[in-house]
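# Remarks on the overall topology
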Amino acid sequence: MIPAERFMELALAEARRGLGGTGPNPMVGAVIHRDGLVLATGYHARVGGPHAEVDALAKLSADGARGATLVVTLEPCSHHGRTPPCVDAILRAGIARVVVGMLDPNPLVAGRGVALLQQAGVEVQQPCLPEACAALNEPYVKYITTRRPWVTLKLASSLDGKIATGCGDARWVSGDAAALQVHRLRAQADAVLVGSGTLLQDDPSLDCRLVPHRRQLLRAALDTRLALPLTHKLASPGGLGPVLLFHGPQADSDKRAALLGRGVDCVEVPATAAGLSLPEVLAELGRREVCRLLVEGGGGLAGSLLGAGLVDELYWFVAPKLVGADGVCSVGALGVERMAQALQLELRSVERQGQDLLVIARPLRP
Ligand code: AOF
Ligand code: ZN
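So, here's what we can say about the structure. (Residues numbered from 1 in each chain as written. Chains lettered and ligands numbered in written order. Predicted model: local features only at pLDDT ≥ 70, side-chain atom pairs only at ≥ 80, totals over all residues. Heavy atoms only, no water.)

## Let's talk about the overall build of the protein
Selection rule: Numbering of helices and strands starts at the N terminus; helices are DSSP runs of H or I of at least 4 residues and strands are runs of E of at least 2. For the radius of gyration, the atom set is restricted to C-alpha positions; the globular benchmark scales as 2.2 Å times the number of residues to the power 0.38. Partly exposed describes any residue whose relative accessible area lies between the buried limit of under 20% and the exposed limit of over 50%, with all areas from a 1.4 Å probe on protein chains only and scaled to the type maximum.
Of the regular secondary structure elements, the protein holds 11 helices and 18 strands. For 366 residues, the compact-globule estimate of 2.2 N^0.38 gives 21 Å, and the C-alpha radius of gyration of the protein, at 23 Å, lies within 12% of that figure. Each principal axis of the C-alpha distribution contributes one length, and for the protein these read about 70 × 45 × 35 Å. Within the protein, the fraction of its 366 residues that count as buried is 51%.

Given below as structure tokens:
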């Protein structure tokens with residue numbers, strides 16, 4: 001007998017095909033087999049589209065899956081969302097056995113899918129490769145349980161940790177391979193966010209033109225006073241994806257009206273002397289169904305997010321160049337006096353990207 005794990009690996013590979021298309025939904029893959037013979041595979045490709053189980057079932061005739069085994073990376077859903085419950089489709093198809101990778105942490109499902117299948121007499125095996133299934137959907141698990149996005153902070157610095165020269169020149173720190181990788185990260189994200197320094201000085205477009213992408217990315221920026229010049233790229237959203245500016249109470253109302261008139265969304269969030277409330281910014285992005293957020297600097301925003309414990313993952317490109325003491329620090333003040341207080345990171349991987357290094361790390365939670 002072929003172990004269930006082999007089919008789950010196949011289902012995981014199917015699930016990964018949804019990368020970049022499913023947000024805020026999870027990536028999910030499914031395999032239907034009878035006595036080890038694969039009848040159909042399926043995956044969730046985009047939010048609003050068929051779920052993995054339904055995608056796989058749709059490839060078979062109405063009776064084609066009767067008595068067969070369904071292997072799925074996430075517990076089948078039991079609720080009416082944008083699509084009807086997968087449990088109903090599974091029962092209608094006469095599936096005899098379901099192997100579930102992990103329970104769905106969505107409070108609307110959370111074990112109900114498995115319970116309904118069992119009540120209807122379907123044999124359920126659960127969990128199966130749960131670590132791999134959970135690792136695939138870490139951003140989703142955070143988003144669906146906290147309604148806050150998973151925050152990936154991207155930084156590009158010189159080897160001595162500078163993101164710009166003393167006069168603010170940051171074009172370019174890292175090379176072409178790193179730029180391509182950043183566009184890939186954007187293509188996988190639901191939204192990208194920059195701080196006001198980057199917004200005003202760099203005039204970024206924040207698009208993902210260098211790689212194929214399936215959806216439009218929400219382009220967000222902090223702009224406390226709504227100082228964005230109307231000649232800047234983000235002031236003309238065009239067809240490149242919506243633009244959202246977070247501002248404080250002191251923003252000029254005429255400027256706000258002008259930006260709104262150009263199709264730029266403006267949302268007021270509470271501000272303190274330290275700047276806009278970042279927990280509020282993340283909460284608003286969560287309300288807008290942003291599951292994966294890519295933060296692209298600058299140093300001030302990076303420092304505030306890291307200092308507040310709001311970063312889940314760091315992608316740090318390090319270019320083999322030195323800028324010296326008059327350059328701009330990659331991370332703003334963290335109030336660290338003793339080395340023992342330094343923010344500790346867990347290194348996940350170090351790889352070469354063209355001439356640069358890419359360090360992937362995660363802040364260690366106390
Ligand atoms: C599954 N299989 O392939 C996916 C599931 O709005 P909807 O209808 O797309 O539902 C979204 C929720 O459904 C999502 O939060 C999660 O609980 C579940 N996703 N479930 O059985 C799938 N994508
Ligand atoms: Zn479903």
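## A few points about the coordination of the zinc ion (ligand 2)
Six octahedral donors around a metal ideally make angles of 90 or 180 degrees; four tetrahedral donors ideally make 109.5 degrees. Where we set the bar: Metal donors: N, O and S atoms at distances within 2.8 Å, or within 3.2 Å for Na, K and Ca, with water omitted from the atom set so that some sites may seem incomplete. Donor angles set the geometry label: tetrahedral for four donors if every angle is between 85 and 135 degrees, square planar for four and octahedral for six if opposite donors exceed 155 degrees and the others are between 65 and 115, irregular for anything else.
Every protein donor of the zinc ion (ligand 2) is listed here as His51 (ND1), Cys77 (SG) and Cys86 (SG), and their distances to the metal cover 2.0 to 2.2 Å. Note that the zinc ion (ligand 2) binds 4 donor atoms; their angles at the metal cover 99 to 118°, and the shape is tetrahedral. In the primary sequence, the donor residues of the zinc ion (ligand 2) line up as H-x25-C-x8-C. The residues Cys77 and Cys86 share a single accessibility class, namely buried.

## What to know about the pairing of strand β17 (residues 345–353)
Convention followed: Note on pairing: two strands pair once DSSP finds at least 2 bridges between them.
Sheet topology note: the β17/strand β18 (residues 356–363) ladder contains 8 bridges and is antiparallel. Residue pairing in the sheet places Ser349 in a bridge with Ile360 of β18. Here β17 folds back onto β18 in antiparallel fashion, the turn holding 2 residues, of which Gly354 has a positive phi close to 60°.

## Structural notes on a nonpolar patch on the surface
What counts is decided by this rule: Patches here are clusters of residues that have more than 30% relative accessible area and form no salt bridge, with a 9 Å joining cutoff for like charges and a 5 Å cutoff for nonpolar side chains (Val, Leu, Ile, Met, Phe, Trp, Tyr). For every accessible area listed, the method is Shrake-Rupley and the probe measures 1.4 Å; residues are considered covered only by the protein chains on display. Definition used for salt bridges: Asp or Glu carboxyl oxygen within 4 Å of a side-chain nitrogen of Lys or Arg.
Together, Leu334, Val336, Leu343 and Leu345 make up a nonpolar patch on the protein surface, roughly 280 Å² of accessible area in all. Mapped onto the elements of the fold, Leu334 is located in the loop between β16 (328–329) and β17.

## Remarks on helix α3 (residues 86–93)
Each turn of an α-helix holds 3.6 residues, which means side chains three or four residues apart point in the same direction. This is how the line gets drawn: Taken from the helix axis, the directions to the C-beta atoms give the arc we talk about. Here, two residues are considered to be in contact whenever any of their heavy atoms come within 4.5 Å of each other.
Residues of α3 that are buried: Cys86, Val87, Ala89, Ile90 and Ala93. Along the axis of α3, the buried positions cluster into a sector of 165°, meaning they face one direction only. Looking at the buried residues of α3, the elements they touch are α2 (52–57), β3 (69–72), β4 (97–100) and α4 (112–119).

## Side note on the site of ligand 1
Keep this limit in mind: For each residue, the test is whether any non-hydrogen atom lies within 4 Å of the molecule or strand; if one does, the residue is near. Definition of a polar contact: a pair of N or O atoms within 3.5 Å, with one able to donate and the other able to accept a hydrogen when the atoms are protein atoms, and with sequence-neighbouring residues admitted only if both atoms are side-chain atoms.
By nearness alone, 20 residues border ligand 1, and His51, Ala52, Glu53, Arg82 and Asp104 come closest of all. In the environment of ligand 1, an oxygen atom lies 2.8 Å from a nitrogen or oxygen atom belonging to the side chain of Asn25. Side-chain polar atom of Glu53 to an oxygen atom of ligand 1: 2.6 Å apart, as the coordinates give it. Considering ligand 1 on its own, with 510 Å² of exposed area, one finds that the protein chains cover 97% of that surface.

## Quick word on the sheet that holds β3
Backbone hydrogen bonds hold the strands of a sheet together, and the pairing may be parallel or antiparallel. Rule in force here: Here, axes are lines fitted to C-alpha atoms. For helices the fit covers the stretch in contact, and angles between N-to-C directions go from 0 to 180 degrees.
Spatial ordering of the open sheet is given by β2-β1-β3-β4-β5, a layout of 5 strands whose pairing is mixed. With one partner strand each, in any of the chains shown, β2 (37–43) and β5 (123–125) form the two edges of the open sheet. Averaged over all pairs of adjacent strands, the angle between their axes in this sheet comes to 20°, without regard to strand direction. Note that strand β1 (residues 29–34) and β3 share 4 bridges and pair antiparallel. For His33, the partnering residue across the bridge sits in β3 and is Thr69.

## Quick look at the nonpolar core
For clarity, the threshold we go by: Residue types Ala, Val, Leu, Ile, Met, Phe, Trp, Tyr and Cys, when buried and joined through side-chain atoms within 4.5 Å, form a set referred to as a nonpolar core.
Ranked by internal contacts, the top residues of the largest apolar core, which has 38 residues, are Ile32, Leu70, Ile95 and Val98. It is helix α1 (residues 4–16) that contributes the most residues to this core, 6 residues altogether. Grouped together as the second largest cluster of nonpolar side chains are 30 residues, Val151, Ala220, Val281 and Leu301 included.

## Quick word on the sheet that holds strand β8 (residues 191–194)
Here we have 9 strands laid out as an open sheet, ordered β11-β10-β9-β8-β14-β6-β15-β18-β17, and mixed in their pairing. This sheet does not close on itself; its edge strands, each paired only once, are β11 (264–268) and β17. When the angles between neighbouring strand axes are averaged without regard to direction, this sheet yields 20°. The pairing of strand β15 (residues 313–319) with β18 spans 5 bridges and is antiparallel. Within the sheet, the bridge partner assigned to Val318 lies in β18 and is Leu357. Of the strands in this sheet, β6 (150–158), β14 (292–295), β15, β17 and β18 are in contact with helix α7 (residues 176–188), which crosses β15 at around 165°.

## Looking at the environment of Ala56
Tracing the sequence through the fold places Ala56 in helix α2. Separated by 58 residues in sequence, Ala56 and Val114 place their C-alpha atoms 19 Å apart. Not counting residues within four places of it along the chain, the set of residues in contact with Ala56 comprises Ala30, Ile32, Ala40, Thr41 and Gly42.

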